[in-house]
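Notes for the structure review
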Amino acid sequence: MSASQQPVPLPYKRVVLKISGEGFCQPGERGIIMDCVLHIARQTYQASQQGTQIAIVLGGGNILRGAQFTSGNSSIHEATAHYMGMLATVMNGLALQDALESLGCDTRLMTAIKMDGVAEAYIRRRARRHLEKGRIIILVAGTGSPFVTTDTAAAQRALELDADVLLKATRVDGVFSDDPEKNPHAVLYPELTYDDVQRQNLRVMDQEAIAKCQQYELPILVFNFRKEGNIQRAVAGDRVGTLVHGTKPA
Ligand code: UDP
């Protein structure tokens, strides 16, 4: 990852696309709904046709988050719960892989927790090779370590794979001054610096992920994946959503 201050020339050569588990079911529901998975798969497939290399990092919140089990009277150790959360991302990955392949996409499912017979082990050099060959790689099991989220995994993978940008797909249009689902007067920011995000405590990604992106000047684009064509637009470098960057681009 270059520490250059220059905005990246568009369109992007390689991106990491972070999709939360909420993309795999209807709002307010849980589990895996294949229509939702296919919606993401179709958009991602179309985006890949533009020639950009795509690595997808999947969340697992539609099934389970480690934080669910952190109450004092839980008999599950918090670390165990986080491992369960990582396994949830593997289930999402299997569903997305089949959805992408049903569209004719060449894919590889790579896991940070070794799971022979289910998915390939994540090896950085192998992942890069798949990308160079035009395969969409789906990265699951987060970082393989408990106590962090898949946002951190996405930042980590984007840095080690030399991605040009981290595309954070969410259910709202970008980063707002307040929660737009609760406050109708919340204002959408078209662009922000990492410092703006930290200072105003804006909800973009978890703190660890933001800090990593800031340290290496990795831009983050936060956008609404539910809007048809938005994944394609984001991958093409169109200004959808909110761009978080070290220096405000001209
Ligand atoms: N997780 C973890 N280590 C990682 C990534 C994820 O322990 O490197 C666990 C954590 O408990 C997390 C869960 O897996 O809550 C599911 O991921 P996440 O909450 O990020 O999913 P999303 O909210 O994106 O759907």
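In this text, all values refer to a predicted model and were calculated from it rather than measured experimentally. (Residues numbered from 1 in each chain as written. Predicted model: local features only at pLDDT ≥ 70, side-chain atom pairs only at ≥ 80, totals over all residues. Heavy atoms only, no water.)

1. Overview of the site of the ligand
Let me state the cut-off plainly: Residues are counted as near a molecule or strand when any one of their heavy atoms sits within 4 Å of it. Definition of a polar contact: a pair of N or O atoms within 3.5 Å, with one able to donate and the other able to accept a hydrogen when the atoms are protein atoms, and with sequence-neighbouring residues admitted only if both atoms are side-chain atoms. Helix numbers and strand numbers start at the N terminus; a helix is a DSSP run of H or I with at least 4 residues, a strand a run of E with at least 2. Residue classes follow a fixed rule: Ala, Val, Leu, Ile, Met, Phe, Trp, Tyr, Cys and Pro count as nonpolar, while Asp, Glu, Lys and Arg count as charged, and any other residue, Gly among them, counts as polar.
Near the ligand lie 20 residues; those nearest to it are G21, H82, T143, S145 and T150. Within the side chain of S20, a nitrogen or oxygen atom sits 3.3 Å from an oxygen atom of the ligand. One of the side-chain nitrogen or oxygen atoms of T143 is found 2.6 Å away from an oxygen atom of the ligand. Counting residues per element, the shell around the ligand draws most heavily on helix α2 (residues 78–102), which supplies three residues. Among the residues making up the shell around the ligand, the classes are represented as five nonpolar, 13 polar and two charged.

2. Points about the confidence of the model for the protein
For the record, the criterion: Values of pLDDT, which run from 0 to 100, indicate the predictor's confidence residue by residue. Only heavy atoms enter the contact rule, under which two residues are in contact if any of them lie within 4.5 Å.
Confidence along the protein averages 92 in pLDDT terms, with 94% of residues attaining 70 or more. Between residues 1–5, whose pLDDT stays under 50, and residues either more than four places distant or in other chains, the model counts twelve contacts.

3. Some points on the packing of aromatic side chains
Under the convention used in this document: The pairing test for Phe, Tyr and Trp rings, Trp by its six-membered ring, is centres within 6.5 Å, and the orientation test on the planes gives stacked under 30 degrees, edge-to-face over 60, and tilted for anything in between. Remark: a charge is flagged as sitting over a ring if the NZ atom of Lys or the CZ atom of Arg is within 6 Å of the ring centre and within 35 degrees of the ring normal.
Enumeration over the complete set of coordinates arrives at zero aromatic pairs. The positively charged end of R157 is found above the aromatic ring belonging to Y122, 3.9 Å away from the centroid.

4. Observations regarding the packing of helix α1 (residues 34–48) against α2
Put simply, the rule is: Axis angles are defined between N-to-C directions and span 0 to 180 degrees, where every axis is a line fitted to C-alpha atoms and, for a helix, only to the segment in contact. In these notes the angle categories are as follows: under 35 degrees is roughly parallel, over 145 is roughly antiparallel, 65 to 115 is roughly perpendicular, and the rest is oblique. When the near helix sits turned anticlockwise from the far one by under a right angle, the crossing is termed left-handed; a clockwise turn instead gives a right-handed crossing.
Their axes nearest at 9 Å, the elements α1 and α2 cross at an angle of 55°. Looking at the two axes, α1 sits oblique to α2. Where α1 crosses over α2, the handedness of that crossing is right-handed. Taking contact as the criterion, the partners of M34, V37, L38, I40, A41, T44 and Y45 in α1 are, on α2, A95, L96, A99, L100 and S102. Tallied by class, residues from the contact of α1 with α2 come to ten nonpolar, two polar and no charged.

5. So, the environment of T170
The condition is simple: Buried means the residue's accessible area, taken with a 1.4 Å probe over protein chains only, is under 20% of the maximum for its type, while exposed means over 50%, and partly exposed covers the values in between.
As for its placement among the helices and strands, T170 is situated in strand β6 (residues 165–170). Relative accessible area serves as the criterion here: at 12%, T170 is assigned to the buried category. C-alpha separation for the pair T170 and V222, spaced 52 residues apart in sequence, amounts to 6.9 Å. Residues in contact with T170, not counting those within four places in the same chain, are E22, V222, F223, N224, F225 and R226. Within the structure, T170 has its side chain in polar contact with the backbone oxygen of V172 (distance 2.9 Å).

6. As for the sheet that holds strand β1 (residues 14–19)
For the record, the criterion: Paired strands, as defined in this entry, are two strands with at least two bridges between them according to DSSP.
Ordered by their spatial adjacency, nine strands build an open sheet running β4-β3-β5-β2-β1-β6-β10-β11-β9, and the pairing between neighbours is mixed. Each having just a single partner strand, β4 (120–121) and β9 (191–193) make up the two edges of the open sheet. The sheet contact formed by strand β10 (residues 220–224) and strand β11 (residues 242–245) spans three bridges and is antiparallel. Across the sheet, the residue bridging to L221 is L243, located in β11. Strands β1, β2 (53–58) and β5 (136–140) of the sheet are contacted by α1, whose axis makes an angle of about 155° with β2.

7. Some details on helix α6 (residues 207–215)
The test is simple: The reported arc concerns the directions from the helix axis to the C-beta atoms and nothing else.
Where α6 is concerned, the buried positions are A209, I210 and C213. Down the axis of α6, the buried set is contained in an arc of 100°. They therefore lie on one face. Residues of α6 that are buried make contact with α4 (150–160), β6, α5 (194–200) and β10. One or two residues past the end of α6 sits E217, with phi positive at roughly 55°.

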